[in-house]
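Descriptive structure summary
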Amino acid sequence: LSGREIRETFLNFFAARQHHILPSASLVPEDPTVLLTIAGMLPFKPIFLGQRSPDFPRATTSQKCIRTNDIENVGRTARHHTFFEMLGNFSFGDYFKEQAIAWGWEIVTKVFSLPPDRLIVSVFEQDDEAFQIWHEQVGIPAHRIQRMGEDDNFWVSGPTGPCGPCSEIYYDFHPEQGDATIDLEDDSRFIELYNLVFMQYNRDVAGNLTPLQNQNIDTGMGLERMAQVLQGVPNNYETDLI
Ligand code: SER
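Attention in this report is confined to the structure presented alongside it. (Residues numbered from 1 in each chain as written. Predicted model: local features only at pLDDT ≥ 70, side-chain atom pairs only at ≥ 80, totals over all residues. Heavy atoms only, no water.)

**Comments concerning the packing of helix H1 (residues 3-15) against helix H3 (residues 97-111)**
For the pair H1 and H3, the least separation of the axes is 12 Å and the interaxial angle reads 135 degrees. Judged by the angle between their axes, H1 and H3 are oblique. Considering the relative orientation of H1 and H3, their crossing is right-handed. Each of Thr-9, Phe-10, Phe-13 and Phe-14 in H1 lies in contact with H3, whose residues at this interface are Trp-103, Glu-106, Ile-107 and Val-111. (Axes fitted to C-alpha atoms, helices over the stretch in contact; angles between N-to-C directions. Helix = DSSP H or I, 4+ residues; strand = E, 2+ residues; numbered from the N terminus. Parallel < 35°, antiparallel > 145°, perpendicular 65-115°, else oblique. Left-handed = near helix turned anticlockwise from the far one by under 90°. Contact = heavy atoms within 4.5 Å.)

Next comes the structure, spelled out in structure tokens:
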């Protein structure tokens, strides 16, 4: 699939599931707390915080991003860029964990046809519910669901703001290395493709978490990363997108 087809396939999958396709917002955000748009969720921050009512309960976008918080990785890895596009599906107080996981798995394995035995998932260490959904409803073996700490699996868009535990789908380039030692930090073997955030808290300057009015979903799939995997090229720079 070309990058363009991957983008269209993602947006159409969620449009068929009652998500409104919205255009990418500007890279220069309206939000005064950040310099640039770092993620697909940024334009929706006021909705997550209950400051604005959504026009639709579900949305899907391909958002242009500059991830300032990853900038020191650019040029050192095969998968970080200054500029990239993030595909996302969003629920504003509508569906939550179970549905986000089910659709996430469906699009990756049935629509993009990645073999399940090439995929590993991670969950926030305290999120037994996400672990259970992956294990019991999706059928992932327990040893292929990694529990990870706050740095990896608790998503925050900045020091303050909407946040929550997340669950990520990784692709395994080298399944022949076996499951005995799965180290998701090993980027010669794994690449994170899709992050599902269970957006349910607001973090204040003191670091306190207050539950948001609604339970929301914010997801992000790296378009160039998915293109790397589906096009079978060794890094993002060799995809048709770049
Ligand atoms: N906000 C999350 C991220 O950027 C999911 O979209 O990874």
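**Section: the pairing of strand S9 (residues 209-222)**
Two strands pair when backbone bridges link them, and strand S3 (residues 83-91) and S9 are joined in this way by four bridges, in the antiparallel orientation. Residue pairing across strands places Ser-91 opposite Ile-217, the latter belonging to S9. As paired elements, strand S8 (residues 190-203) and S9 share nine bridges and run antiparallel to each other. For Met-199, the partnering residue across the bridge sits in S9 and is Asn-216. In this structure, the hairpin formed by S8 and S9 is closed by a connection of five residues, where Gly-207 is found at a positive phi of approximately 90 degrees. (Pairing = 2+ DSSP bridges.)

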